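Residue-level structure breakdown
What follows is each chain in one-letter form.
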Amino acid sequence: MDMREQPPAEPNRVRPEMVIGAVEAAQRLQRELAGLGIDSDVHHGHCLALVSVWSELVVWTDGRVFRWKSGRDALGRARDGLGWDAYSPADDPVSTARRVAARYAELRRLAVPPPMPNGWAPQ
């Protein structure tokens, strides 16, 4: 088959069901986290939805899987080089929420308290 016989390539198109699936998955995770006493926000755009949980803890979903950064190995390296070393199927928000809650607790333990306001900073 030569190039003249191939159909023209279609540009990437965002289908509404792609966005809806990601948002629904994110909202299911948000509900599970709320059941564990963890507040979060859901944001979406371009076929992805994000569940913002804590500083350095954002869960991404495309409606099929959840992905988040779960820390570093013993040598301080992210397992895949980018830090996306935790994932879970989007059809299991209960287990995902438990794993995210464990990372949330770890980050809270490691968190540096915010600086105290001083006299010259706006209050």
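First, a word on scope: everything that follows refers to the structure included in this document.

Here the focus is the nonpolar core. Membership of the largest hydrophobic core comes to 21 residues, with the highest contact counts inside it found for Leu33 and Val53. Mapped by element, the contributors of at least two residues to this core are helix H1 (16-35), strand S2 (48-54), strand S3 (57-61), strand S4 (65-68) and helix H2 (93-110). Top contributing element to this core by residue count: H1, with six residues. Among residues more than four places away in sequence, those in contact with Leu33 are Ile38, Ser40, Val51, Val53, Ala97, Val100 and Ala101.

Another point: the pattern of salt bridges. In a structure, side chains of opposite charge can pair up when their charged atoms sit close to one another. Enumeration over the complete set of coordinates arrives at two salt bridges. Between Arg103 and Glu106 there is a salt bridge whose closest N-O contact spans 2.8 Å. Residue Arg103 and its partner Glu106 are located together in helix H2, separated by three residues, close to a single helical turn. Classification of Arg103 by relative accessible area gives buried; the value is 12%. Glu106 sits in the partly exposed class, given a relative accessible area of 30%.

Now for the packing of aromatic side chains. What describes a pair of aromatic rings is the distance from one ring centre to the other and the angle between the planes of the rings. A complete count under the given rule lists one aromatic pair for this structure. Ring centres of Trp54 and Tyr104 lie 5.5 Å apart, and the angle between their planes is 90 degrees; on these two criteria the pair is classed as edge-to-face. Of this pair, Trp54 sits in strand S2 while Tyr104 sits in helix H2, and the two are 50 residues apart along the sequence. Since its relative accessible area comes to 14%, Tyr104 is described here as buried.

The strand order across the open sheet built from five strands is S1-S2-S3-S4-S5, with neighbouring strands paired in antiparallel fashion. One side of each edge strand has no neighbouring strand; the edge strands of this open sheet are strand S1 (41-45) and strand S5 (86-89). For this sheet, the mean angle separating the axes of adjacent strands, direction not counted, is 20 degrees. Alignment of S1 against S2, held across five bridges, turns out to be antiparallel. By the bridge assignment, Asp41 is partnered in S2 with Ser52.

Let us now look at H2. Each α-helix turn comprises 3.6 residues. Residues three or four places apart therefore point the same way. Helix length check: H2 (18 residues) gives 25 Å between terminal C-alpha atoms against 26 Å at 1.5 Å per residue, within 8%. Within the sequence span of H2, burial applies to Pro93, Thr96, Ala97, Val100, Ala101, Arg103, Tyr104 and Leu107.

This part is about the environment of Val59. Assignment of secondary structure puts Val59 in strand S3. A residue is classified by how much of its surface remains accessible, and Val59, at 0% relative accessible area, is buried. Spatially, the C-alpha atom of Val59 lies 8.3 Å from that of Ala26, the residues being 33 residues apart in sequence. Those residues in contact with Val59 that sit more than four places away from it in its chain are Leu29, Ala49, Leu50, Val51, Phe66, Arg67, Trp68 and Val100.

Bringing the environment of Pro93 into the picture now. Tracing the chain through its elements places Pro93 in helix H2. Those residues in contact with Pro93, other than ones at most four positions away along the chain, are Arg28, Leu29, Glu32 and Phe66.

Cut-offs applied
- Residues numbered from 1 in each chain as written.
- Predicted model: local features only at pLDDT ≥ 70, side-chain atom pairs only at ≥ 80, totals over all residues.
- Heavy atoms only, no water.
- Core = buried A, V, L, I, M, F, W, Y, C linked by side-chain atoms within 4.5 Å.
- Buried < 20%, exposed > 50% of the residue type's maximum accessible area, 1.4 Å probe, protein only.
- Helix = DSSP H or I, 4+ residues; strand = E, 2+ residues; numbered from the N terminus.
- Contact = heavy atoms within 4.5 Å.
- Salt bridge = Lys/Arg side-chain N within 4 Å of Asp/Glu carboxyl O.
- Phe/Tyr/Trp six-rings, centres within 6.5 Å; stacked < 30°, edge-to-face > 60°.
- Pairing = 2+ DSSP bridges.
- Axes fitted to C-alpha atoms, helices over the stretch in contact; angles between N-to-C directions.
- Expected span 1.5 Å × (residues − 1).

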